[in-house]
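# A closer look at the structure
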Amino acid sequence: MLGNSNNEGTLTNYSELMEEEMYESQGFHASSDVPLVMVAILIIVVNGYITLLISGRRDLRTPSNLILASLTISDGLTGLVTVPLVMTCTITETNDVCISSAVFVRFISILSAVHILLLTLDRYIFIVCANKYYDLVRKNRVMFLLLGIWSMSIIVTAIRLDWAVEADVYGKEDNTEKEIELNRKERIFNWFCLVAFFFIPLIITVILDAELLFVLKRQVRKILQNNLLHARQGQTMKTKNRERRAVIVYIIVVVTFIICWLPYFLYDLWQHWGSLPSTVEYLIMYIRIITSLSNPIMYTLSHRTLRRAVIVSLRRTLGLKRHHRFRGTSGGFTAQINRTDTTQM
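Residue indices begin from 1 for each chain and proceed along its sequence in written order. Note on the predicted model: pLDDT of at least 70 is required for a residue's local features to be given, and 80 or more for side-chain atom pairs to be given and counted; whole-chain, interface and lining totals, by contrast, use all residues. Side-chain numbers come from the whole structure's heavy atoms, not from hydrogens or water.

If you look the protein up in an unreviewed UniProt entry, it shows as Beta-1 adrenergic receptor-like from Actinia tenebrosa. Of the protein, the UniProt comment under Subcellular location (unreviewed entry) reads exactly: "Cell membrane". UniProt positions are given in the numbering used here, feature names are shortened, and annotations may be inferred rather than shown by experiment. As stated in UniProt under Sequence similarities (unreviewed entry), the record for the protein gives "Belongs to the G-protein coupled receptor 1 family."

## Regarding the state of the cysteines
The criterion for a disulfide is a pair of cysteine sulfur atoms lying within 2.5 Å. For the structure on display, the rule yields one disulfide. Through a disulfide, Cys 89 is tied to Cys 98; the S-S separation comes to 1.9 Å. Handedness here is read from the sign of the S-S torsion; for Cys 89 and Cys 98, about 100 degrees, the answer is right-handed. Across this residue pair, the class does not change: Cys 89 and Cys 98 are buried. Relative accessible area decides the class of each residue, using a 1.4 Å probe on protein chains only: under 20% of the type maximum gives buried, over 50% gives exposed, and in between gives partly exposed.

## Looking at the pattern of salt bridges
Salt bridges are identified by distance alone: a Lys or Arg side-chain nitrogen within 4 Å of an Asp or Glu carboxyl oxygen. For the coordinates displayed, the defined rule picks out four salt bridges. The shortest N-O distance in the salt bridge between Arg 184 and Glu 181 comes to 2.6 Å. Taken together, the positions of Arg 184 and Glu 181, both in helix α8 (residues 177-226) and three residues apart, correspond to about one turn of that helix. Labels follow the DSSP assignment, with helices taken as runs of H or I lasting at least four residues and strands as runs of E lasting at least two, numbered in each case from the N terminus.

## Focus: helix α7 (residues 139-164)
Multiplying one less than the number of residues by 1.5 Å gives the expected span of a helix. With 26 residues, α7 extends 37 Å between its outermost C-alpha atoms, agreeing within 8% with the 38 Å of an ideal straight helix rising 1.5 Å per residue. Every buried residue of α7 is listed here: Val 142, Leu 146, Ile 149, Ser 153, Val 156, Thr 157, Arg 160, Trp 163 and Ala 164.

## Here's the deal with the confidence of the model for the protein
The predicted model of the protein averages 77 in pLDDT, with 72% of residues at 70 or higher. For the stretch residues 1-24, pLDDT sits under 50, and the model shows 84 contacts to residues farther than four places along the chain or on other chains. Residue range residues 323-345 is modelled with pLDDT below 50. Its contacts to residues more than four positions away, or to other chains, number 56 contacts. The score called pLDDT rates the predictor's confidence residue by residue, from a low of 0 to a high of 100. Residue contacts are counted whenever heavy atoms from the two residues lie within 4.5 Å of one another.

## Section: the environment of Val 114
Structurally, Val 114 is set in helix α5 (residues 95-128). Leaving out residues up to four positions away in the same chain, Val 114 has contacts with Ile 149, Met 152 and Phe 197.

## Examining the packing of α5 against helix α10 (residues 278-301)
Every angle, taken between N-to-C directions, lies between 0 and 180 degrees, and every axis is a line fitted to C-alpha atoms, over only the stretch in contact when it is a helix. At a minimum axis separation of 12 Å, α5 and α10 run at an interaxial angle of 35 degrees. Classified by chirality, the crossing of α10 by α5 is left-handed. Contact residues: Val 105, Ile 108, Ser 109, Ser 112, Ile 116 and Leu 119 in α5; Met 285, Arg 288, Asn 295 and Tyr 299 in α10. Crossing handedness is defined as follows: a turn of the near helix away from the far one that is anticlockwise and smaller than a right angle gives a left-handed crossing, while the clockwise case is right-handed.

## Describing the packing of aromatic side chains
Any two of the Phe, Tyr and Trp rings considered here, Trp counted by its six-membered ring, make a pair once their centres fall within 6.5 Å; the pair's planes then place it as stacked at under 30 degrees, edge-to-face at over 60, or tilted in between. Tallying each qualifying case throughout the model produces 13 aromatic pairs. On the numbers, 5.3 Å between centres and 85 degrees between planes, the contact of Phe 126 with Tyr 133 is edge-to-face. According to the relative accessible area criterion, Phe 126 is buried, its value standing at 13%. Residue classification places Tyr 133 among the buried residues on the basis of a relative accessible area of 3%. When the ring of Trp 261 is compared with that of Tyr 264, the centres are 6.4 Å apart and the planes differ by 85 degrees; the resulting orientation is edge-to-face. Of the two residues, Trp 261 and Tyr 264 are both situated in helix α9 (residues 233-270); the distance of three residues between them amounts to about one turn of the helix. Trp 261 gets classed as buried once you look at its relative accessible area, which sits at 1%.

## What to know about the UniProt feature "transmembrane region" (unreviewed entry) in the protein
Mapped onto the present numbering, the UniProt feature "transmembrane region" (unreviewed entry) falls at residues 34-54, 66-87, 99-121, 142-161, 188-216, 247-267 and 282-301. The distance from the first to the last C-alpha atom of residues 66-87 is 31 Å, and the span holds 100% helix and 0% strand. Measuring from the first to the last C-alpha atom of residues 282-301 gives 29 Å, for a span that is 100% helix and 0% strand.

## Focus on the environment of Leu 306
Relative to the elements of secondary structure, Leu 306 occurs in helix α11 (residues 304-318). Judged by relative accessible area, Leu 306 falls into the buried class, the value being 0%. In this structure, the C-alpha to C-alpha distance between Leu 306 and Leu 60, residues 246 residues apart in sequence, is 7.0 Å. Setting aside residues no more than four positions away along its own chain, Leu 306 makes contact with Leu 53, Ile 54, Leu 60, Asn 65, Leu 68 and Thr 300.

## Considering a nonpolar patch on the surface
Like charges are joined within 9 Å and nonpolar side chains (Val, Leu, Ile, Met, Phe, Trp, Tyr) within 5 Å, but only among residues with over 30% relative accessible area and no salt bridge; these make up the patches. Under the convention used here, a 1.4 Å probe and the Shrake-Rupley method define accessible areas, while residue burial counts only the protein chains that appear. A cluster of nonpolar side chains, contributed by Leu 121, Trp 191, Val 195, Phe 199, Ile 200, Ile 203, Ile 204, Ile 207, Trp 270 and Trp 273, occupies part of the molecular surface with about 980 Å² of accessible area. Top element by residues in the nonpolar patch is α8. It accounts for seven residues. Tracing the chain through its elements places Phe 199 in helix α8.

## Regarding the environment of Leu 121
The residue Leu 121 is located in helix α5 in this model. When the C-alpha atoms of Leu 121 and Ile 204 are compared, they prove to be 8.9 Å apart, with 83 residues separating the residues in sequence. When near neighbours in sequence (up to four residues on either side) are disregarded, Leu 121 contacts Ile 204 and Leu 208.

## Quick look at the side chain of Ser 109
On the secondary structure map, Ser 109 appears in helix α5. Excluding residues within four positions of it along the chain, Ser 109 makes contact with Trp 261, Tyr 264 and Arg 288.

Here it is, written out as structure tokens:
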């Protein structure tokens, strides 16, 4: 199904597939397509819910949450547009649909990768430049930057369309000068995407997160020393637990980024030299789609204020009574600890 269509990979390598394999992959397969439809519905619901929650509450429309809302819109398009295009391509094997699918998947992938990097930069500024954060990171600047990210993704996608529209996805001839030139452009483009939207964001993320962990550890240790005589044992343990959770969150972000994105970008390059088993191709595509569901969940859980807003909203929606009220403090030891909470957990 998904794997044999290769709609998210190189646009012209399909001609190497055997006629029998193409025939077997065509049509609707309940065992693989039904779970994909269910995942698409979950993606739309979860991302749509987070987007509406942030846009509907003024106290949640912070610069950081605006970036997250933009990411949820991008990820929501995966379930709303990407999955239908992918399934239509594999069922009908229509050339134009498969090209549209490949181009749109890359468009969303670029958007997601840049948004994740931007969230890391926002978290870095929040901690390293805490006193100047709200002067540096203003809503109008964030909105302008997000507009630039969407525009950049559209431009990169439009550049690919220059040769992608001429591709014959299921063509039999791939040794003509036209096809050779098309493959050359596609190979250069794939290398560019691998470097620009995977390796560079990964290196920046690892460097920033490593420095954030060092700053966090130093600040927590300083606070504990200054408040050791007045702090209760429970507060000390709570601080250490938050530091431990911060480390876990950073590791999860980096590992998830590598697992979910490296196979996707490498897969495009691999298609220039040969094909992969259909199960492997399907798994790569499925993991890529799953990121649009894991992103909003992961970043919502790592944001204390947004996480609490989601819990309250779900309780109201489900008609459940709140058994306790979330309390916060405006000063003292706990307030100082909250300032060091880089994950806002």
